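Residue strings, one per chain:
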Amino acid sequence: MMESPPVTKRGSGSSESGGSESGAEGRTRFEYFGWVYHLGTNSIGREFCHLRFLYIRGKYVMMYKRDPNENPGIKPIRRGVVGNTLMVEELGRRKVNDGDLYVIRFYNRLDEEKKGEIACATAGETRKWMEAFDQARQQAEYELSQGSTRNRLNVEDEIDLDGHRPRVRRYAHDLKKLIRIGHGPETLVRRSSNLGKHQRPSEFTEGDAADAVEAHEWRCVRTVNGVRIFEDVSDHKPLSKTVLVKAVGVVDASPDTVFEVVLNLDRLRRYEWDSFTGDLELVDSLNGHSDVVYGSYDPRSLSSHKLMCCSYRWQSKRDFIFSRQWFRGQDGTYTILQFPAIHKKRPKKSGYRRIKISPSSWEIRNLRGLAGSRGHRCLVTHMLEIDSGGWFKWKCYQSSKFEKSIPYALLNQVSGLKAYISANPALTCESSTTLVDTKTSDISGSISEFEDADDAEEFYDAIAADSSSSSDDDEDDSDAELDSKGQRVKLKNVSWAIASLALKAKKAMDANNELDHSVDPVNLDSSEFCGSMQKGKGESDSNCWTSPSGAGFKIRGKTYLKDSAKVAGGDPLLKLIAVDWFTLETPRSKVALHPKCLVQSEAGKNLPFILIVNLQVPAKPNYSLVLYYAADRPVNKNSLLGRFIDGNDAFRDARFKLIPSIVHGYWMVKRAVGSKACLLGKAVSCNYLRQDNFLEIDVDIGSSSVAKSIIGLVLGYVTSLVVDLAILIEGREEKELPEYILGTVRLNKVRLDTAVPLEN
């Protein structure tokens, strides 16, 4: 693992955000800076990994070979502007110089050929840099909203690769050869900023972990070493051979720290907290968010009781193989899924008995949110499915045999993790932060010159393509010293942190006045609209859709800005009138323009408004689930929905939210999908088409490799799943609360072979 630098923050003025700033003159501008690794391919085709000092001020980004605070007057080797079309992807872990780095990819959503990559030593640093670039993009959006000619970035400027860089023009046609394309997946969802004074962190409890009503019913059966052990008693069958259990404990560390410890395969470290899977080694790294691991253990410390594994002889050693998949949610929660696996690199070997470990999952959720609290705390949950026989004997009679079983060793990993981190304060200590007035900065002058420049380039141009200083990048770096084996980079002691950016508040209307009630409603009869997927008539129907109420979803209440309270949703504002289930060779957008689409029918044209959500499902072949929601009255132009319909893409990306819920289905699929609200525009690429009486939202799930892999898991069990989805527009100001459910859909045991081909 490459070493990680400490972090520091620099800002000017007071920090305010959430929507109360009135003008540009009184706004706060923060700076973010620190060491990162710049990844890429130089002009002769050699891949490089250079240690660079990255500096962000407002929407401007500069990259240095050395720390400009320690070297006044040093010129940046690269610089650019973060436009409002910037997309940031977390590609996960990648092996670089025999060390693990967490890679971030940047690209323009209007032109994905313009891209670049940086990397960090830890997942926590990656998260902070992603938040920093999100704030920089918000700064660009703010300046765009001011209407200033000087600050306005037009579309031509954003997608023009050449820009004002004459020395780059000769490379423009061969740019693909100069840019290293990332192969790892990005996180399912990116975390939106919540650092403003009007966005109080939630005072989390276990019940706040989901935005959909929990289907499980957990009962605590034992407390061991400060860790609670639960069993799922919802709809339990007396003759069931398995039971779902989990160990839950509070760890005094950040989710980033715990995630790194759980994922780390270093034997000496795992020996200190993991009594079962201490001997692990990496077999294969599938992508940045998944790998395959081989492990072995000595059975002398365990009984021969048959739990979670096949029968085995007492004399032989044991080994196993499992795959891991991990991702981080928008709320900062880490999820790690573990499945049994086989791999050609690890065939069965003599002297070992191959066992099969049942699937399990880790959830690491932040608990930091109480006013005045100090330090980091997180809730760690380890969930697994085990044989019911030994479990009930242990629960009822405290059988000692279970305490020498594999499941018990796995459940005890949480208590071992908790004790290990408590005994190693170096894991949890934070670097000191420094707050410095920007006006006294030694490099403010160079930044001011940059801001005054009329030929500011887009950030992806600066970081991805050759520049006048590209020769500097090709040279050996004195700043990035390698050890004798050339495997470890020694970083300088630099720290940074993230602060919020104040954005101008927009006037919001009453959320209960979304439709124009002065107009008589039209009759919305779903029988008049025909989709390729049939509407269900009862709960026993399969391969169909229905529209449930919003009572099963939790949304922001009227007092959310004060107490973070969520309430059960009500009836949807829009009515689901039809669902299409298409199969395609390649993903297709703008389905509404297809001549056979119901929007083009006479009945569709007579509706006041139709919202079309096209969920593009990556597979072989590809699928599209198209949902049609209709309003019985015209939309109030000044309402939140009206501003969403006629707003710009940046506003839509920041507000369009989806809440998933697996009502019935395999528990590992439930863990993979989750039930937290997701801002789709920050998770995957969304394209919008506004015409006539409709708005179409094309959600490209395949644009996120993690989302794609999770959808692959869902498709494997789709015929046994009942899935609920709710869509809504996020309310961020008091006048936009309480939130309301825009529309819902329930998909009941869908069959892939019933998808209808969509003609070109």
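All values reported here derive from a predicted model rather than from experimental measurement.

Thresholds applied
Residues numbered from 1 in each chain as written. Predicted model: local features only at pLDDT ≥ 70, side-chain atom pairs only at ≥ 80, totals over all residues. Heavy atoms only, no water. Helix = DSSP H or I, 4+ residues; strand = E, 2+ residues; numbered from the N terminus. Buried < 20%, exposed > 50% of the residue type's maximum accessible area, 1.4 Å probe, protein only. Contact = heavy atoms within 4.5 Å. Areas by Shrake-Rupley, 256 points an atom, 1.4 Å probe, with all protein chains shown as cover. Salt bridge = Lys/Arg side-chain N within 4 Å of Asp/Glu carboxyl O. Disulfide = S-S within 2.5 Å. pLDDT = per-residue confidence, 0-100. Axes fitted to C-alpha atoms, helices over the stretch in contact; angles between N-to-C directions. Left-handed = near helix turned anticlockwise from the far one by under 90°. Nonpolar A, V, L, I, M, F, W, Y, C, P; charged D, E, K, R; others polar. Pairing = 2+ DSSP bridges. Polar contact = N/O pair within 3.5 Å; in protein donor to acceptor, adjacent residues only side chain to side chain. Core = buried A, V, L, I, M, F, W, Y, C linked by side-chain atoms within 4.5 Å. Phe/Tyr/Trp six-rings, centres within 6.5 Å; stacked < 30°, edge-to-face > 60°. Lys NZ or Arg CZ within 6 Å of the ring centre and 35° of its normal.

1. Overview of the overall build of the protein chain
Consideration 1: The secondary structure content of the protein chain amounts to 18 helices and 33 strands.
Consideration 2: Out of the 760 residues in the protein chain, the part that is buried amounts to 57%.
Consideration 3: Relative to all contacts within the protein chain whose residues are 6 or more apart in sequence, the contacts with residues 24 or more apart total 71%.
Consideration 4: As displayed, the protein chain has an accessible area near 33,100 Å², and 47% of this comes from carbon and sulfur atoms.

2. Some points on the environment of Pro76
Consideration 1: Note that Pro76 resides in the loop between β4 (60–64) and β5 (78–81).
Consideration 2: Put simply, Pro76 and Tyr55 are 21 residues apart on the chain and 9.5 Å apart in space, counted from C-alpha to C-alpha.
Consideration 3: Apart from the residues lying within four places of it in its own chain, the contact partners of Pro76 are Met62, Met63 and Tyr64.

3. Overview of the environment of Leu640
Consideration 1: Mapped onto the fold, Leu640 is located in helix α14 (residues 640–646).
Consideration 2: A C-alpha to C-alpha distance of 9.6 Å links Leu640 and Lys735, two positions 95 residues apart in sequence.
Consideration 3: If we ignore the near neighbours within four places in the chain, the residues touching Leu640 are Glu514, Phe651, Arg655, Ile729, Glu730 and Glu736.

4. Focus on the pattern of salt bridges
Consideration 1: Evaluation of the coordinates by the stated rule reveals 33 salt bridges.
Consideration 2: Between Arg377 and Asp252 there is a salt bridge; the shortest N-O distance is 3.9 Å. Taken together, the residues span a long stretch of sequence, with Arg377 in the loop between β17 (360–366) and β18 (378–387) and Asp252 in the loop between β11 (242–251) and α4 (255–263) at a distance of 125 residues.
Consideration 3: Classification of Arg377 by relative accessible area gives partly exposed; the value is 35%.
Consideration 4: Between Arg655 and Glu736 there is a salt bridge; the shortest N-O distance is 3.1 Å. Here Arg655 is found in helix α15 (residues 649–655), whereas its partner Glu736 is found in the loop between β31 (722–729) and β32 (743–748), with 81 residues between them in sequence.
Consideration 5: Look at Arg655 and you get buried, because its relative accessible area is 6%.

5. Thoughts on the state of the cysteines
Consideration 1: Applying the stated criterion across every chain yields a total of zero disulfides.
Consideration 2: Of all cysteine sulfurs, the one in Cys678 lies closest to Cys686, which takes part in no disulfide; the gap is 8.6 Å.
Consideration 3: A relative accessible area of 5% places Cys686 in the buried class.

6. Details of the confidence of the model for the protein chain
Consideration 1: Per-chain confidence: the protein chain averages 77 in pLDDT, with 72% of residues scoring 70 or above.
Consideration 2: Counted against residues more than four places away or in other chains, residues 11–26, with its pLDDT under 50, gives 48 contacts.
Consideration 3: Between residues 474–511, whose pLDDT stays under 50, and residues either more than four places distant or in other chains, the model counts 130 contacts.

7. Some points on unusual backbone geometry
Consideration 1: Cis geometry is found at the peptide bond from Lys620 to Pro621, where omega equals 0 degrees.
Consideration 2: Structurally, Pro621 is set in the loop between β25 (609–617) and β26 (622–631).
Consideration 3: The phi dihedral of Asn543 is positive, around 50 degrees, even though this residue is not glycine.
Consideration 4: By the element assignment, Asn543 lies in the loop between β20 (489–490) and β21 (544–546).
Consideration 5: Judged by relative accessible area, Asn543 falls into the buried class, the value being 14%.
Consideration 6: In this model, Ser564 sits at a positive phi of 60 degrees, which is unusual for a non-glycine residue.
Consideration 7: By the secondary structure assignment, Ser564 is in the loop between α12 (560–563) and β23 (566–568).

8. Concerning the packing of α4 against helix α8 (residues 413–422)
Consideration 1: Two elements in contact, α4 and α8, have axes separated by 11 Å at closest approach and are oriented at 115 degrees. As for the relative orientation of α4 and α8, their crossing is right-handed in sense. In this structure, α4 uses Val258, Val261 and Val262 to contact α8, whose residues at the interface are Leu417, Tyr420 and Ile421.
Consideration 2: Residue classes in the contact of α4 with α8 are distributed as six nonpolar, no polar and no charged.

9. Some words on the sheet that holds strand β29 (residues 685–691)
Consideration 1: The strand order β29-β30-β25-β26-β24-β33 describes an open sheet built from six strands, whose pairing is mixed. Whereas interior strands pair on both sides, the edge strands pair on one side only; in this sheet they are β29 and β33 (756–757).
Consideration 2: Relative to strand β30 (residues 694–700), β25 is paired through seven bridges, and the arrangement is parallel. Directly across from Val613, in β30, lies its bridge partner Ile697.

10. Some remarks on the side chain of Gln325
Consideration 1: Tracing the chain through its elements places Gln325 in strand β14 (residues 317–328).
Consideration 2: Of the polar contacts made by the side chain of Gln325, one reaches the side chain of Ser709; its length is 2.7 Å.
Consideration 3: With residues near it in sequence (within four places) discarded, Gln325 still touches His289, Ser290, Thr335, Ile336, Leu337, Val706, Ser709 and Ile710.

11. Overview of the nonpolar core
Consideration 1: Formed by 64 residues in total, the largest nonpolar core has its most connected members in Leu611, Val613, Tyr629 and Val699.
Consideration 2: No other element matches the seven residues that helix α18 (residues 705–717) contributes to this core.
Consideration 3: If near-sequence neighbours (up to four positions away) are discounted, Tyr629 is found in contact with Leu574, Lys575, Leu576, Phe609, Ile610, Leu611, Val613, Ile727, Gly743, Thr744 and Val745.

12. Quick look at the environment of Pro660
Consideration 1: Position of Pro660 among the secondary structure elements: in strand β27 (residues 656–664).
Consideration 2: By relative accessible area, which is 9% here, Pro660 ends up buried.
Consideration 3: Sequence separation of Pro660 and Thr744 is 84 residues, and the distance between their C-alpha atoms is 10.0 Å.
Consideration 4: Those residues in contact with Pro660, other than ones at most four positions away along the chain, are Ala212, Val673, Gly674, Ser675, Lys676, Asp724 and Leu725.

13. Let's talk about the packing of aromatic side chains
Consideration 1: Overall, the coordinates contain 14 aromatic pairs when judged by the stated rule.
Consideration 2: Taken together through their ring pairs, the aromatic side chains of Phe33, Trp35, Phe53 and Tyr55 make up a single cluster.
Consideration 3: Between the NZ or CZ atom of Arg346 and the centre of the ring of Tyr294, over which it lies, the distance is 5.5 Å.

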